[in-house]
Number of protein chains: 4
Amino acid sequence: MTHKIAILGASGYTGAELVRLIATHPSIEIAALAANSKAGQSMAAVFPHLRHLDLPDLVRIEDIDFTGIDLCFCALPHKTSQEVIAALPRDLRIVDLSADFRLRDPADYEKWYGNPHAAVEMQQEAVYGLTEFYRDEIRSARLVAGTGCNAATGQYVLRPLIAAGVIDLDDIILDLKCGVSGAGRSLKENLLHAELSEGYHAYALGGTHRHLGEFDQEFSAIAGRDVRIQFTPHLIPANRGILATGYVKGEAQTVHDVLAKAYASEPFIEVLPFGEAPSTRHVRGSNFCHIGVTADRIAGRAIVVGALDNLTKGSSGQALQNANLILGEEETAGLMLAPVFP
Amino acid sequence: MTHKIAILGASGYTGAELVRLIATHPSIEIAALAANSKAGQSMAAVFPHLRHLDLPDLVRIEDIDFTGIDLCFCALPHKTSQEVIAALPRDLRIVDLSADFRLRDPADYEKWYGNPHAAVEMQQEAVYGLTEFYRDEIRSARLVAGTGCNAATGQYVLRPLIAAGVIDLDDIILDLKCGVSGAGRSLKENLLHAELSEGYHAYALGGTHRHLGEFDQEFSAIAGRDVRIQFTPHLIPANRGILATGYVKGEAQTVHDVLAKAYASEPFIEVLPFGEAPSTRHVRGSNFCHIGVTADRIAGRAIVVGALDNLTKGSSGQALQNANLILGEEETAGLMLAPVFP
Amino acid sequence: MTHKIAILGASGYTGAELVRLIATHPSIEIAALAANSKAGQSMAAVFPHLRHLDLPDLVRIEDIDFTGIDLCFCALPHKTSQEVIAALPRDLRIVDLSADFRLRDPADYEKWYGNPHAAVEMQQEAVYGLTEFYRDEIRSARLVAGTGCNAATGQYVLRPLIAAGVIDLDDIILDLKCGVSGAGRSLKENLLHAELSEGYHAYALGGTHRHLGEFDQEFSAIAGRDVRIQFTPHLIPANRGILATGYVKGEAQTVHDVLAKAYASEPFIEVLPFGEAPSTRHVRGSNFCHIGVTADRIAGRAIVVGALDNLTKGSSGQALQNANLILGEEETAGLMLAPVFP
Amino acid sequence: MTHKIAILGASGYTGAELVRLIATHPSIEIAALAANSKAGQSMAAVFPHLRHLDLPDLVRIEDIDFTGIDLCFCALPHKTSQEVIAALPRDLRIVDLSADFRLRDPADYEKWYGNPHAAVEMQQEAVYGLTEFYRDEIRSARLVAGTGCNAATGQYVLRPLIAAGVIDLDDIILDLKCGVSGAGRSLKENLLHAELSEGYHAYALGGTHRHLGEFDQEFSAIAGRDVRIQFTPHLIPANRGILATGYVKGEAQTVHDVLAKAYASEPFIEVLPFGEAPSTRHVRGSNFCHIGVTADRIAGRAIVVGALDNLTKGSSGQALQNANLILGEEETAGLMLAPVFP
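The present account deals with the structure reproduced in this document. This structure is a prediction, so every number in the text was calculated from the model and none was measured.

**Looking at the sheet that holds strand 5 (residues 94–96) of chain C**
Residues and elements named next belong to chain C.
Argument step 1. The strand order across the open sheet formed by seven strands is 3-2-1-4-5-7-6, and the pairing between neighbours is parallel. Edge positions in the open sheet fall to strand 3 (58–59) and strand 6 (127–128), since each of these has one partner strand only.
Argument step 2. Here strand 6 runs beside strand 7 (residues 143–145); their pairing, made up of two bridges, is parallel. Across the sheet, the residue bridging to Val127 is Val144, located in strand 7.
Argument step 3. Where helix 1 (residues 13–22) meets the sheet, its contacts fall on strand 1 (3–8), strand 2 (28–34) and strand 4 (71–74), and the angle it forms with strand 1 comes to roughly 160°.
Argument step 4. The strands touched by helix 11 (residues 312–327) are strand 1, strand 2, strand 4, strand 5 and strand 7; relative to strand 4, the strand with the most contacts, the crossing angle is about 160°.

**Notes on helix 4 (residues 106–113) of chain D**
Residue and element names in this part refer to chain D.
Argument step 1. Of the positions making up helix 4, those classed as buried are Tyr109, Trp112 and Tyr113. One face of helix 4 carries all of its buried residues, which in axial projection span an arc of 80°.
Argument step 2. In this structure, the buried residues of helix 4 make contact with helix 3 (80–86), helix 5 (120–125) and helix 9 (211–223).
Argument step 3. Its side-chain oxygen placed 2.7 Å from the backbone nitrogen of Ala107, Asp105 serves as the N-cap of helix 4.
Argument step 4. Positive backbone phi, approximately 85°, marks Gly114, located one or two places after helix 4.

**Regarding the environment of Ile298 of chain A**
Argument step 1. By the secondary structure assignment, Ile298 of chain A is in the loop between strand 13 (289–295) and strand 14 (301–308).
Argument step 2. Residue Ile298 of chain A is classed as buried on the basis of its relative accessible area, which comes to 18%.
Argument step 3. Separated by 49 residues in sequence, Ile298 of chain A and Lys249 of chain A have C-alpha atoms that sit 9.8 Å apart.
Argument step 4. In contact with Ile298 of chain A, not counting residues within four places along its chain, are Arg228, Ile229 and Gln230 of chain D.

**Some points on the relation of the copies chain B and chain A**
Argument step 1. Expressed as a screw transformation, the operator carrying chain B onto chain A has a rotation angle of 180° and an axial translation of 0.0 Å, and the superposed copies differ by an RMSD of 0.0 Å. Taken together, the rotation angle and the small translation identify this as a two-fold axis.

**A look at the relation of the copies chain D and chain A**
Argument step 1. Take chain D, turn it by 180°, move it 0.0 Å along the axis, and it overlays chain A with an RMSD of 0.0 Å.
Argument step 2. The share of interface residues of chain D whose copies in chain A are also at the interface is 100%, consistent with both copies meeting through the same surface.

**Overview of the interface of chain D and chain A**
Argument step 1. On the side of chain A, 55 residues touch chain D, which itself brings 55 residues to the contact.
Argument step 2. Across the interface of chain D and chain A, roughly 4,500 Å² is buried in total on both sides, 49% from carbon and sulfur atoms.
Argument step 3. On the chain D side of the contact with chain A, Glu198, Tyr200 and Arg297 of chain D bury the most area, a combined 20% of that side's loss.
Argument step 4. For the pair chain D and chain A, the number of links is eight salt bridges.
Argument step 5. Between Asp175 of chain D and Lys177 of chain A there is a salt bridge whose closest N-O contact spans 3.0 Å.
Argument step 6. Residues belonging to the side of chain D that touches chain A are distributed by class as follows: 25 nonpolar, 15 polar and 15 charged.

**Notes on the sheet that holds strand 14 (residues 301–308) of chain C**
All names here are of chain C.
Argument step 1. An order of 9-10-8-11-14-13-12 is seen for the seven strands of this open sheet, with the pairing classed as mixed. In this open sheet, the two edge strands, each paired with only one partner strand, are strand 9 (201–202) and strand 12 (269–271).
Argument step 2. With seven bridges joining them, strand 13 (residues 289–295) and strand 14 adopt antiparallel strand pairing. Within strand 14, the residue paired with Val293 across the bridge is Val304.
Argument step 3. Lying on the sheet, helix 10 (residues 252–262) is in contact with strand 12, strand 13 and strand 14; it crosses strand 13 at an angle near 160°.

**Here's the deal with the interface of chain B and chain A**
Argument step 1. Taken together, the 32 residues of chain B in the interface contact 32 residues of chain A.
Argument step 2. When chain B packs against chain A, the two sides together hide about 2,700 Å² of surface, and 67% of this comes from carbon and sulfur.
Argument step 3. Connecting chain B to chain A are two salt bridges.
Argument step 4. For the pair chain B and chain A, the number of links is four residue pairs in polar contact (both at pLDDT 80 or more).
Argument step 5. Counting residues per element, the side of chain B that touches chain A draws most heavily on helix 1 (residues 13–22) of chain B, at three residues.

**Examining empty space enclosed by the protein**
Argument step 1. For the structure shown, the criterion picks out ten cavities of 30 Å³ or more.
Argument step 2. Lining the largest cavity are 16 residues, and of these Ser197 and Pro237 of chain A, Ser197 of chain B, Ser197 of chain C together with Ser197 of chain D lie nearest its centre.
Argument step 3. Residues that form the lining of the largest cavity fall into these classes: four nonpolar, eight polar and four charged.

**Points about the nonpolar core**
Argument step 1. In terms of nonpolar packing, the biggest core is built from 404 residues, with Phe73 of chain A, Phe73 of chain B, Phe73 of chain C together with Phe73 of chain D touching the most fellow members.
Argument step 2. In this structure, Phe73 of chain D is in contact with Ile5, Ala6, Ile7, Leu8, Leu18, Ile22, Val95, Leu97, Ala319, Leu320 and Ala323 of chain D, ignoring residues within four places of it in sequence.

**Some remarks on the environment of Cys74 of chain C**
Residues and elements named next belong to chain C.
Argument step 1. Mapped onto the elements of the fold, Cys74 is located in strand 4.
Argument step 2. Judged by its relative accessible area of 0%, Cys74 is buried.
Argument step 3. For the pair formed by Cys74 and Arg240, sequence separation is 166 residues and the distance between their alpha carbons is 21 Å.

**Some details on helix 7 (residues 149–164) of chain C**
Residues and elements named next belong to chain C.
Argument step 1. Relative to the 22 Å expected for 16 residues at 1.5 Å per residue, helix 7 spans 24 Å between its end C-alpha atoms, a close match to the ideal helical length.
Argument step 2. At Leu158, helix 7 is bent by approximately 40°, the largest bend along its length, and proline Pro160 sits one to four residues beyond.
Argument step 3. Summarising burial for helix 7: 14 of the 16 residues are buried, a large majority.
Argument step 4. Positive backbone phi, approximately 70°, marks Gly165, located one or two places after helix 7.

Definitions and cut-offs
Residues numbered from 1 in each chain as written. Chains lettered and ligands numbered in written order. Predicted model: local features only at pLDDT ≥ 70, side-chain atom pairs only at ≥ 80, totals over all residues. Heavy atoms only, no water. Pairing = 2+ DSSP bridges. Helix = DSSP H or I, 4+ residues; strand = E, 2+ residues; numbered from the N terminus. Contact = heavy atoms within 4.5 Å. Axes fitted to C-alpha atoms, helices over the stretch in contact; angles between N-to-C directions. Buried < 20%, exposed > 50% of the residue type's maximum accessible area, 1.4 Å probe, protein only. Arc of directions from axis to C-beta. Polar contact = N/O pair within 3.5 Å; in protein donor to acceptor, adjacent residues only side chain to side chain. Least-squares fit on C-alpha atoms with pLDDT ≥ 70 in both. Buried area = accessible area lost by both parts, 1.4 Å probe. Salt bridge = Lys/Arg side-chain N within 4 Å of Asp/Glu carboxyl O. Nonpolar A, V, L, I, M, F, W, Y, C, P; charged D, E, K, R; others polar. 1 Å grid on protein atoms, 1.4 Å probe; cavity = no way out; pocket = protein on both sides within 12 Å on 5 of 7 lines; lining within 4 Å. Points joined across faces, edges and corners; volume = space filled by probe spheres on them. Core = buried A, V, L, I, M, F, W, Y, C linked by side-chain atoms within 4.5 Å. Expected span 1.5 Å × (residues − 1). Bend = angle between axes of the 7 residues up to and from the residue.

Geometry only, nothing functional implied.
Spelled out as structure tokens, the structure:
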């Protein structure tokens, strides 16, 4: 059985990545592609690397007939997303890739995003899309909220440790290094090649990055008490990749055992042998996440490093993984592509 | 039916690329992986990006039992390749990725590679592996010689034009820009990141690059007379990609029409609309080749640009395409992966 | 004696490069920096790498008092430049880095830039700024028109050959590879890191690049007849650098001798030993231009390759070299900085 | 007065960087350049970017006549350095860039470098070369030991804080991101462009990096008690640059004030306004170090980020700064070059 899907926001990087992945999916058909600013154009004009595929032309969202669409991916900017989704048919199943439905508490949303939420009811209906931890809820969800790409990486590294109670909850530091495509295709001076290439820096220092809202919500829920981590992202001159270096206080071998056990049967999360460290280059273009644990020379401290591809496991791959669950397909369908190296 | 294959030279980039592609192939199973210098190691240790695959450990070539192997990919350095292949079972079907069997004439081989050929009989038996032009011979070949990656790009751009007689054969210039992985994983000072990154240069100037042997052989055969082109490669700070800019004397619209017609039913060669130009970024990680034709402001001159990924269409993808033909599989099996962008 | 200068358009890359170079100049003082869109900001806010310098804040052009300014660098976008310069004091000496005064013929200007020239009188007064060939005129000029960065590279490679009559004027091909900063700091999708990095392509194919106007003007003037070359630029994922590969018909050793002799006493142009080829990485950040000549395997054809840094020798370094001439200073003052490698 | 100097190990990156800097120095003359593996070659052959300079050819160390040499830079690999230096004239003033004389305690040296020190007496004579903190000792030193590039960055960020007692000494984390050239010009698979480009990873995790020996020695000396920090370096795909992100427990504004005061009169250390963060791109190619301090959202915690160029301030620039002190020259001579951006 073939499922028909639509992608709203198909002219951005996560939209293109969805198309790339779905192109190898055995039972999903792309019925509609929307991008209001580029409506009327062919996908090949906007993304020449997809030229060989037989795809519908880009249309405006309001011109899509959602009858017969089994699931809709929404890869729009945040704020736009909630407005668009509020206007979609109420029975349409949706996997949203924006930030709009990640935070369950309207006050939290407003705190981190600066505006009141325009679809509070849906916000509370949405299931948080970190597949490995919300699998059952996602299967029966109508609206799944894709996680932040940094938030996903940090949670893969830390959730099992917080759940198992093996690290100090008051002293967690996450130093994150992310590639450029995480910022999307927007025209900003600091994203120009001449600005970025051959240099790197920290940004959103001191706890101001919005993905902290997700960490606070999720980690506190797991721990049953408020958890606040330190989180500093850095922008690295590479297109794809997130590397999260977590500094935790806990016994390193225990930390490794907890992670290894937690992910033992997960198809996409690989915990490396104790003492090995992952690299973003070894997950590029794939839905895999590699995690490594090392003991620090100071007893009782461990370093946990996670690596994934922000556009795949951090965004569009995750979205397809969730769509597979909703549609009753094999969870790994279309997602077992090996990383591209070099 | 599943075909069992072996890969000799699995610790290099083309070996890894073969594994990546075959991993999605519906009917090929990797039965043996050899790399003498790294025998005994797991493939995950040598190429962590393939960690999720269930692969045999690396062995020495002499430890492979070729009984039951349907086809052998040989991704060894040139010169080593001819020695190894000469010692393999005589009925084993082989797709060689090295330079050793590309030139049919032993004198040509010695001229370009500096040593007498050690397996002259096989050299003459080998079929040149440019799939689109040797499809029938490849289907029934025992030994297929993969083309040079630069040679493939240049031929896609020029062969139909030479065959059709629509360009001046005495005035063809091919200015080629290739990525770094084409030089393989060898330890050379000029391949270090600190040397290469942020700079570029021409090399093998004046007609000394070995792939000219292939151009001379093929173009002369097509034209029925000696054809000698000018060919200057440049090394570009990017990992994958070959861009070949061909300067030809001929009517541009005719040039476009000839190419469009020649490749009209080819699954992997895309001729862009007249006046458009391809980019390596839009074929990265894929088996596609994009070709564009533009008229120069000087009447009677055309610019033909071709782009492909040296590791895929230029090497391992081509090898798998040929293996599919030999094995009686769908020619495109395992090869329709979309390019990875960004 | 210290000369006071102003820089208009100081928030772009060529403006910043001027400041970097002038910072080491023994007798030039920066009296005013203008950038209308960023007026009121400190230079350190716009270019943090210049933070250690004691520089005036950015102002609006109209707020500069030009009394006491000895020379004005104009690093504005073309079209804006001619309007601004027309309104400056008539006795102010100006080195313009834009395209506005490069073409002497108003019809040529309109043909290549699409609009009538707004300061035709000045256009005809301006001296073309290719220092090595217009040194005397520049010394006594009031208005010097900086050359295009691609145009400079191509001319260094070809001018002496055309002047000496040692190459076929009807068959010159210039295949050029330029870095990203040549496109400036403008917000265009194709200049984003995620778009550019790891890929490359040809653009402005077929003779549509505006720098052809300069080639046509200059080469025809030297030859005393119309000369039209083929010129195809390619965008390379590196920030600085232009590599021009010239394909000419002429005897290679003669070509080398002519170039070596022409530049024998030039402080910034280095002709490499016959058979060697230059690299952009070896001129990065400097005012040097390296040129190499190789014989092709086809008798009577030569390949001439030139390399320079588009922001320095191709633009701001050239501008300072010209300013030195105008101000009566040592031509090399502030310009002998060695390239930065790696 | 002109000082004659020699550089031993001139074919590596730090040797080349020394030459680049000294080329603009008003009173230092390069009298001899040694590189045993490339003896007999011209410097232009080994480093074409230095082609315009009039430099002595490379010779073997044993062929240098040290009579008349005022100071010798030693840019050799560690272990080789101590052997070579032990054999130099006893009255020759030496600035060593290797790791050999950084640790004062022979036991510490053996612990971190794995072999007994071959010149223990000199090891104890050597002055640690972190200029800003050992200025007086360096002025009268015969042998100065250049610091590790990572060690320099970390110390600029942390020393004044430890000295002032404003941070918790038992909970200091230094997450460091370094560029590729820090690993030198050695032929290692993991330094190839195809391996490194577009990916990044942590290495020497858990407290195994040798520069920790310097941190332990220096921080403990300042604090008057044992200080052990956590230090994890990451390899970033950029040629130059070190970014050190320090996580400390202390009041952020106090942290900023202490740093600002400590470096107020330093010519090369710039403390940014509170809340701003530095970037490696803004110090590239220069001797400057930028430091920024931000408060974390968790009260009592601060993030201190330092950026410098590993080859300049982290190595060769530091060496020249120290040589200036020894030679009685202006400390900043030859070192005020502005960073190269973009």
